[in-house]
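Listed below are the residues making up each chain.
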Amino acid sequence: MRYLPKSPAEREAMLAEIGVSGINDLFSSVPEEYRLTHDLAIPRQMGESEIVDYFKQAAAHNANGYSSFLGAGAYRHYRPVIIDSLVQRGEFLTSYTPYQAEITQGTLQAIFEFQTMICELTGMDIANASMYDGSTGAAEAVMMAVRITGRGDVLVARTVHPEYREVMQTYAQHQGHVAHELAYGEDGRVDLKALDQSLTENTACVLVQSPNFFGLIEDIPAIADIVHKKGALLIVSIAEAVSLGIVRPPVEADIVSLEAQSFGVALSYGGPYCGVIAAKEKYLRQMPGRLVGETKDKHGRRGFVLTLSTREQHIRREKATSNICTNQALVALMTTIFLTVYGKEGIKELAQQNLAKAHYAVGALSRHGKLLFAGTPRFHEFVLETDEAPEQLNARLLDHKIIGGLSLARWYPELGNATLWCATELTTREQIDQAAAILAEAPVAAAVR
Amino acid sequence: MTYPATYRYTREHEWIELDGATGKVGITDYAQNSLGDIVFVEAPKVGATVEKGKVFGSVESVKAVSDLYSPVTGTVTEVNEELATAPEKINTDAHASWIMKVELKDPAEAQALLSAEDYEKFIAEETGH
Amino acid sequence: MATIAEPISEKAFTGTPRKVTAHITQNEALMFEKSSPGKKGYKLPPLDVPEVDAQALLGSAARESTGALPELSEIEIIRHFTRLSTWNYAIDLGMYPLGSCTMKYNPRVNEYVSRLEGIAEAHPYQPESLSQGALQVIKSLQECLLEITGMDAITLQPAAGAHGEFTGILLVRAYHQSRGNPRKTIIIPDSAHGTNPATAAICGYQVVNLKSNAQGGIDVAALEALVNEDTAALMLTNPSTIGVFEHQIHKIADVLHARGALLYMDGANMNALVGKTRPGDFGVDVMHLNLHKTFSTPHGGGGPGSGPVACKKILEPFLPTPVVAESSDGTLHFNYNRPQSVGRVRMFYGNFGMFVRALAYILANGPDGLRQTTEDAVLNANYIRAKLEDLYELPYKTPSMHEVVFSDRRQVRNGIKTGDLAKRLIDYGFHPYTTSFPLIVPGALMIEPTESESREELDLFIDAMRQIAREAEENPQLILDAPHSTRISRLDETGAARKPILRWKPNTE
């Protein structure tokens with residue numbers, strides 16, 4: 001086996017030095033009736049070229065050469081080439097969690113830079129070293145707010161990504177807090193009146209997403225005013241990180257939970273991605289996940305360490321703020337490199353392009369369908385209502401190698417034939433025009449609902 | 001280190017200094033010494049009730065957290081705000097660095113705690129000297 | 001071996017690392033300190049649609065400044081991160097004897113195939129008809145992991161080991177709930193990893209501690225006395241955290257099952273079992289795996305991981321939504337209709353990129369390779385044990401599997417603790433072993449070499465450990481001040497925790 005660095009003679013010699021006669025002597029503590037006496041029924045050992053072929057074939061059975069208008073929590077942005085060349089350096093790729101600061105300064109400094117950039121972008125004071133993803137990050141942010149306030153109720157906007165809400169619900173059910181859904185109004189955003197009426201003395205926090213699941217930008221200052229009047233915390237979840245290049249950061253929030261996949265992380269059929277929690281400084285002690293801090297060595301040289309680890313499970317055990325152990329260090333590194341490449345001006349320009357493409361797509365596609373929530377500011381996603389059923393519409397688009405908008409029927413049946421479309425800097429005018437042309441060909445019969 | 005004779009002590013290494021029906025509560029020099037450099041003190045909120053033998057807060061060093069057990073039952077009237085920004089005060093003078101002030105439900109309760117002499121005997125046994 | 005040629009001078013002994021020689025590394029400031037306005041590391045293509053006025057479209061929601069993000073050119077960015085990388089230790093540089101972490105070789109073909117276009121660019125919501133390749137990868141990995149563990153059903157959704165634990169305990173809870181009573185407690189041995197009690201608490205269970213017996217294993221009589229109608233499960237690590245197989249495992253399972261409780265296995269130590277024995281065969285009801293330990297996906301400096309949960313048939317109805325299913329025409333799809341499911345634990349389907357890597361690893365090994373891997377891992381641990389047990393205290397003499405746990409009892413006499421020995425190991429060119437864990441061994445040195453080490457590398461490690469033992473006798477101060485050869489010496493962790501500086505600020509420095 002090519003990954004194993006020993007010759008048969010070396011194995012024999014080592015067994016002899018240990019003082020046993022055969023390898024199975026070292027497994028003598030496994031009761032005999034449980035020892036496997038046959039080969040596992042898995043595929044035979046393959047050569048490297050066979051492995052590559054196997055996955056090339058799998059890749060060929062996925063969408064290839066399609067243009068896509070899918071977003072909904074996973075966004076297609078260009079990934080600068082240097083991201084993969086840098087993260088594949090063995091010193092990053094094959095390094096362990098940086099508990100031994102003296103020999104992991106590379107990872108530690110990069111995380112410190114990540115934390116800084118997340119603070120700058122979100123308008124928060126502190127940020128952690130990353131979370132599993134945006135959905136678990138939002139769930140952890142809610143648990144954090146429950147700990148801080150000592151209150152048990154949670155209000156969650158229906159415009160938060162439906163899968164985020166499902167994850168939050170899974171966490172909540174055994175934590176003793178109760179999640180209530182908050183309706184959206186005519187404009188597709190949190191209904192401020194409903195919000196005001198739903199808040200009680202026992203509301204720990206309100207979780208909203210902006211841009212929300214419909215791509216619309218929530219009125220964070222107004223929401224914050226209402227939430228804070230009742231002594232509750234405001235958590236803002238951001239699923240599309242590139243929006244921060246052009247959308248005002250949610251500085252009025254108490255906690256921000258960000259999914260940073262858009263910053264140079266491959267779609268990879270849904271993961272691994274990169275969540276991160278940022279917050280106001282006063283909530284530092286309740287923050288889950290790892291934190292890197294700056295300090296000095298005995299000669300006064302600057303260095304970085306994992307700090308405030310007493311919040312974590314390996315010390316607090318059942319009293320820990322969270323049971324999470326790993327973070328997404330390598331994915332966080334991808335986002336750090338991405339943000340360094342684009343930098344202060346590039347992130348703005350990138351977001352500006354996304355805005356422009358979506359604006360053009362709205363104009364082109366809404367001629368053949370109804371743009372929902374038309375008057376509300378949005379980033380790069382929009383909801384289109386069509387006479388034709390989404391399945392039918394998308395089947396016609398697929399014939400032209402176009403993956404159209406995502407049907408919302410599974411989560412928002414009240415919206416009828418609604419699809420969620422996304423345009424990014426990678427979406428071309430030609431692709432948009434072609435999709436619009438196909439929409440225009442809607443069979444007349446299907447137009448009758 | 002001398003343990004003030006006017007204080008009372010617990011086997012969990014807290015001290016209490018009584019002044020009528022209220023008492024200041026802190027951790028002993030022995031406790032701070034075994035914890036090492038203290039980096040954070042989690043104190044209760046003013047107005048909270050604490051119960052004898054129950055956890056009222058914690059102190060953290062870089063790699064350990066220790067729960068604090070209240071020596072008496074009562075209501076928290078004040079917490080030492082200074083420790084929020086300077087937890088190292090406990091390391092430099094544990095017996096002067098009180099963590100909370102408690103108004104005792106039963107002022108006689110503290111009498112049942114260890115005297116300085118008994119406490120010193122107790123820690124001598126605990127360390128096996 | 002390990003005989004030292006150098007004569008001992010009147011100066012106290014200092015070792016001679018054979019594996020390393022000091023060399024120069026580059027200094028590198030924070031990226032923010034290198035930034036200057038107008039530098040660019042990107043170039044966007046010209047817009048092919050009309051420009052828009054952000055202010056007009058977004059109104060008061062438009063952003064004014066993107067803050068202190070850096071401005072750097074591409075070569076500076078390459079050098080920045082390359083320089084940082086050279087400050088790290090990594091498996092690619094040498095042995096990582098971290099016990100319970102299984103730091104094995106991360107094959108490069110895994111990285112290659114996970115970046116193939118149809119895989120890396122697959123959108124999680126693309127139509128199932130255009131995701132058959134991805135679904136097939138999921139299904140194939142599931143089948144392999146079920147065969148390896150001997151379990152009946154599996155979910156790949158959890159994003160890491162602790163997340164898998166959380167999911168597994170949720171399954172336990174849902175199972176008991178379905179029978180009318182979720183029960184109240186989870187029994188956890190005192191040798192367990194800290195995530196176990198944290199997980200139990202997050203799932204709403206009280207933790208009952210179980211003291212280990214004199215051999216560091218489960219005390220079956222004590223367990224029997226603890227298990228009652230309130231017990232939901234026992235969370236067990238097997239082999240235990242001292243690297244010992246619970247040879248009474250079937251009795252443990254019987255005790256639990258007799259009272260309706262379940263046996264949860266923390267799969268952290270699966271590297272000792274793959275291809276040799278299967279948890280499903282020895283009574284485990286539910287367990288998690290760590291693809292980033294046993295199945296070679298890279299640790300990446302602390303993630304991403306992946307923590308699949310495998311279970312017996314009785315727990316299958318409760319698995320997270322969705323599950324992969326096969327249609328009558330042989331195509332694959334996700335089944336969302338799971339009324340008894342515990343719900344979702346993560347959006348989409350889990351860390352798919354890690355599934356690809358783990359499957360590539362399994363295919364590269366095959367049944368014979370996986371078995372040889374396990375045998376080599378166990379061989380290596382026992383070799384280290386045999387070569388060091390005369391110098392380091394072995395608190396439990398029970399047979400070791402893939403890891404060996406020593407204690408610092410002898411070195412403590414000279415004021416040297418396990419953490420100090422570990423720091424000195426850095427000067428010898430090795431990453432430290434796991435210190436101070438498990439908690440049942442005071443001053444533990446927990447060493448897991450994995451199968452990835454050649455005899456040469458093991459001998460270098462053994463030589464280093466022997467020299468350090470000698471230094472502890474003859475020149476303890478040298479160890480207390482270690483490491484001596486790194487870019488920075490031991491850092492002020494107390495200062496870092498008392499006055500946390502968690503981000504760079506424009507006006508400091």
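Residues numbered from 1 in each chain as written. Chains lettered and ligands numbered in written order. Predicted model: local features only at pLDDT ≥ 70, side-chain atom pairs only at ≥ 80, totals over all residues. Heavy atoms only, no water.

### Let's talk about the packing of helix α6 (residues 132–149) of chain C against helix α11 (residues 352–388) of chain C
All names here are of chain C. Running from N to C, α6 and α11 point in directions that differ by 45°, and their axes come no closer than 9 Å. With respect to α11, the element α6 is oriented oblique. Between α6 and α11 the crossing geometry is left-handed. On the side of α6, the interface is formed by A134, V137, I138, S140, L141, C144, L145 and I148, while α11 contributes F352, F355, V356, A358, L359, I362 and L370. The class makeup of the residues in the contact of α6 with α11 is 14 nonpolar, one polar and no charged. (Axes fitted to C-alpha atoms, helices over the stretch in contact; angles between N-to-C directions. Helix = DSSP H or I, 4+ residues; strand = E, 2+ residues; numbered from the N terminus. Parallel < 35°, antiparallel > 145°, perpendicular 65-115°, else oblique. Left-handed = near helix turned anticlockwise from the far one by under 90°. Contact = heavy atoms within 4.5 Å. Nonpolar A, V, L, I, M, F, W, Y, C, P; charged D, E, K, R; others polar.)

### Points about unusual backbone geometry
Residue and element names in this part refer to chain C. In this chain, N238 is followed by P239 through a cis amide linkage whose omega measures -5°. Structurally, P239 is set in the loop between β4 (231–237) and α10 (249–258). With omega at 0°, the peptide bond leading from A482 into P483 counts as cis. Structurally, P483 can be placed in the loop between α15 (476–480) and α16 (493–498). Non-glycine residue F348 carries a positive phi angle of around 55°.

### Things to note about the packing of aromatic side chains
Tallying each qualifying case throughout the model produces 38 aromatic pairs over all chains. Taking the centre distance of 6.2 Å and the plane angle of 50° together, the rings of Y96 of chain A and Y99 of chain A count as tilted. Accessibility expressed as a relative area gives 14% for Y96 of chain A, which makes it buried. A relative accessible area of 39% means that Y99 of chain A is categorised as partly exposed. Ring geometry for F213 of chain A against W411 of chain A: centres 5.8 Å apart, planes inclined by 90°, an arrangement best described as edge-to-face. Note that F213 of chain A is positioned in the loop between β5 (203–209) and α9 (220–229) and W411 of chain A in the loop between β14 (406–407) and β15 (418–422), a separation of 198 residues in sequence. The residues F213 of chain A and W411 of chain A share a single accessibility class, namely buried. Directly above the aromatic system of F40 of chain B lies the positively charged group of R285 of chain A, at a separation of 3.5 Å from the ring centroid. (Phe/Tyr/Trp six-rings, centres within 6.5 Å; stacked < 30°, edge-to-face > 60°. Buried < 20%, exposed > 50% of the residue type's maximum accessible area, 1.4 Å probe, protein only. Lys NZ or Arg CZ within 6 Å of the ring centre and 35° of its normal.)

### Topic: the interface of chain A and chain C
Often the size quoted for an interface is simply the accessible area lost on bringing the parts together. At the junction of the two partners, chain A supplies 183 residues and chain C supplies 200 residues. When chain A packs against chain C, close to 17000 Å² is buried across both sides, 63% of that on carbon and sulfur atoms. Taken together, the connections running from chain A to chain C amount to twelve salt bridges. One salt bridge in this structure joins R115 of chain C and D84 of chain A, with 3.2 Å as the shortest N-O distance. Applying the counting rule to chain A against chain C returns 81 residue pairs in polar contact (both at pLDDT 80 or more). It is helix α11 (residues 329–365) of chain A that contributes the most residues to the side of chain A that touches chain C, 25 residues altogether. Tallied by class, the residues present in the side of chain A that touches chain C amount to 89 nonpolar, 54 polar and 40 charged. (Buried area = accessible area lost by both parts, 1.4 Å probe. Salt bridge = Lys/Arg side-chain N within 4 Å of Asp/Glu carboxyl O. Polar contact = N/O pair within 3.5 Å; in protein donor to acceptor, adjacent residues only side chain to side chain.)

### With respect to α9 of chain A
Residues and elements named next belong to chain A. Among the residues making up α9, those that are buried are I220, I223, A224, I226 and V227. The buried side chains of α9 occupy one side of the element, clustering within an arc of 170° when seen end-on. What points out from α9, more than 90 degrees from its buried face, is the exposed set D225 and K229. Lining the buried residues of α9 we find α8 (192–198), β5 and β6 (233–238). Positive phi shows up at G231, right after α9, with a value of about 75°. (Arc of directions from axis to C-beta.)

### Section: the interface of chain B and chain C
With nine residues of chain B at the interface, the matching set in chain C holds five residues. Summed over both sides, the interface between chain B and chain C buries roughly 570 Å², with carbon and sulfur atoms accounting for 46% of that surface. One can count one salt bridge joining chain B with chain C. The partner of R498 of chain C in a salt bridge is E88 of chain B, with the nearest N and O atoms 3.7 Å apart. For the pair chain B and chain C, the interface holds four residue pairs in polar contact (both at pLDDT 80 or more). Classifying every residue of the side of chain B that touches chain C gives four nonpolar, two polar and three charged.

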